[in-house]
Amino acid sequence: MPASTISLEQAKKDKLFYFVANVVIYRELDGRCLILKRDLREKVHPGKYGVVGGKLEWNDFDLTKPTRMNGEVIDFESAVENLLQREALEEAGVTLKDNFAYINSMVFVRPDGIPVVLVKFAAQYKEGDVKLEKGAFTDYAWVNEIEVEEYDCIEGIDEEVKRTIELFRK
């Protein structure tokens, strides 16, 4: 019988993580990527430049509207891509093309002790003027692989920008 609710009742506490996805957004027009300066009130990397991203949340899985039923398993295809599309619009006011490319992944433990699985992608900018999410970001820049070095970025962002430019530059 398929699940009727999302629950932690059967979950093993030592297997619980936040799942976070980030996306480096590439603008083909000028070969630059979008970086955002995190608000000083953020728990992780306050005041540093990073990229669009967010946590997968339970309300991303409406059990009455799965993309398919796989026997008794409820599937939600493209959940990560949908998360990144939503976050790009919420955090930066832009939309993305649907051509996501995998960059890498990592696991880290936040200062508050919460373990996080982070998966990083690259995608191409589609449209929209950058409008920062209030309370989350204080500045932004479109940078190339050289300019990114001038910003106080979260460790690894410069390499992800370089990798994204390599992936999409023609």
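Quantities reported herein were computed from a predicted structural model and do not represent experimental measurements. (Residues numbered from 1 in each chain as written. Predicted model: local features only at pLDDT ≥ 70, side-chain atom pairs only at ≥ 80, totals over all residues. Heavy atoms only, no water.)

Caption draft 1: Geometry of the environment of Gly-71. Summarising the element assignment, Gly-71 is placed in the loop between strand E5 (68-70) and strand E6 (73-75). Classification of Gly-71 by relative accessible area gives exposed; the value is 60%. Taking C-alpha positions, Gly-71 is 39 Å from Val-44, a pair spaced 27 residues apart along the chain. (Helix = DSSP H or I, 4+ residues; strand = E, 2+ residues; numbered from the N terminus. Buried < 20%, exposed > 50% of the residue type's maximum accessible area, 1.4 Å probe, protein only.)

Caption draft 2: Representation of a nonpolar patch on the surface. A surface patch of nonpolar side chains, amounting to about 370 Å² of accessible area, comprises Ile-6, Leu-8, Leu-16 and Trp-58. Relative to the helices and strands, Trp-58 is located in the loop between strand E4 (52-55) and E5. Take Trp-58: its relative accessible area is 47%, and that puts it in the partly exposed class. (Patch = residues over 30% accessible without salt bridge, like charges linked within 9 Å, V, L, I, M, F, W, Y side chains within 5 Å. Areas by Shrake-Rupley, 256 points an atom, 1.4 Å probe, with all protein chains shown as cover. Salt bridge = Lys/Arg side-chain N within 4 Å of Asp/Glu carboxyl O.)

Caption draft 3: Looking closely at the layout of surface pockets. By volume, the largest pocket is sized at about 750 Å³. For the largest pocket, the lining is made up of 31 residues, of which Val-20, Asn-22, Arg-38, Val-44 and Phe-108 are closest to its centre. Those elements that place two or more of their residues in the lining of the largest pocket are strand E1 (18-27), E4, helix H1 (79-92), strand E8 (101-109), strand E9 (115-127) and helix H2 (157-168). Of the residues contributing to the lining of the largest pocket, the split by class is 12 nonpolar, five polar and 14 charged. In this model, the second largest pocket occupies a volume close to 480 Å³. (1 Å grid on protein atoms, 1.4 Å probe; cavity = no way out; pocket = protein on both sides within 12 Å on 5 of 7 lines; lining within 4 Å. Points joined across faces, edges and corners; volume = space filled by probe spheres on them. Nonpolar A, V, L, I, M, F, W, Y, C, P; charged D, E, K, R; others polar.)

Caption draft 4: Geometry of the environment of Lys-48. Of note, Lys-48 is situated in the loop between strand E2 (32-38) and strand E3 (49-50). For the pair formed by Lys-48 and Arg-38, sequence separation is 10 residues and the distance between their alpha carbons is 5.5 Å. In contact with Lys-48, not counting residues within four places along its chain, are Leu-36, Lys-37, Arg-38, Asp-152, Cys-153 and Ile-154. (Contact = heavy atoms within 4.5 Å.)

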